[in-house]
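# Understanding the architecture of this molecule
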Amino acid sequence: MDWIDDILASEPISNSQIAIIEGLLTGVPYEQDEIRDIENGLLHLTYQEAYELINKLKEDYIPKDPREQFNKITKRWQ
């Protein structure tokens with residue numbers, strides 16, 4: 001890890017990370033129980049844990065626009 005990762009590892013989740021996670025949760029194909037668990041545990045996450053969760057949610061996110069869905073699918077195949 002870099003020195004900045006060491007510093008941020010113990011930092012609490014930021015407000016911008018909370019907003020990003022809440023926005024991404026609206027478009028992921030998770031069960032309602034799993035979404036509720038994520039929402040309930042947000043304030044207990046560290047900055048690094050939130051960063052990893054955001055990356056996972058971005059990977060699982062299903063865009064509403066069919067063109068964006070197509071681009072995401074074809075991007076995975078390249």
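Here, every reference points to the structure presented above.
Below, the structure is looked at part by part. (Residues numbered from 1 in each chain as written. Predicted model: local features only at pLDDT ≥ 70, side-chain atom pairs only at ≥ 80, totals over all residues. Heavy atoms only, no water.)

### Topic: the side chain of Gln 17
Checked against the element boundaries, Gln 17 lands in helix H2 (residues 15-25). Residue classification places Gln 17 among the buried residues on the basis of a relative accessible area of 5%. (Helix = DSSP H or I, 4+ residues; strand = E, 2+ residues; numbered from the N terminus. Buried < 20%, exposed > 50% of the residue type's maximum accessible area, 1.4 Å probe, protein only.)

### Some words on a nonpolar patch on the surface
A contiguous nonpolar patch, built from Trp 3, Ile 4 and Ile 7 and spanning about 340 Å² of accessible area, is present on the exposed surface. With relative accessibility at 44%, the residue Ile 7 sits in the partly exposed group. (Patch = residues over 30% accessible without salt bridge, like charges linked within 9 Å, V, L, I, M, F, W, Y side chains within 5 Å. Areas by Shrake-Rupley, 256 points an atom, 1.4 Å probe, with all protein chains shown as cover. Salt bridge = Lys/Arg side-chain N within 4 Å of Asp/Glu carboxyl O.)

### Quick word on the environment of Leu 25
Examined against the element boundaries, Leu 25 turns out to sit in helix H2. Taking the relative accessible area as the measure of exposure, Leu 25 reaches 5% and is therefore buried. With near-sequence residues (within four places) excluded, Leu 25 lies in contact with Ile 35, Ile 38, Glu 39 and Leu 57. (Contact = heavy atoms within 4.5 Å.)

### Looking at the nonpolar core
Counting 15 residues, the largest nonpolar core has Ile 13, Ile 21, Leu 25 and Leu 57 as its most contacted members. Of all the secondary structure elements, the ones that give two or more residues to this core are H2, helix H3 (32-41) and helix H4 (47-60). In contact with Leu 57, other than residues within four places in its own chain, are Ile 21, Leu 24, Leu 25, Val 28 and Tyr 30. (Core = buried A, V, L, I, M, F, W, Y, C linked by side-chain atoms within 4.5 Å.)

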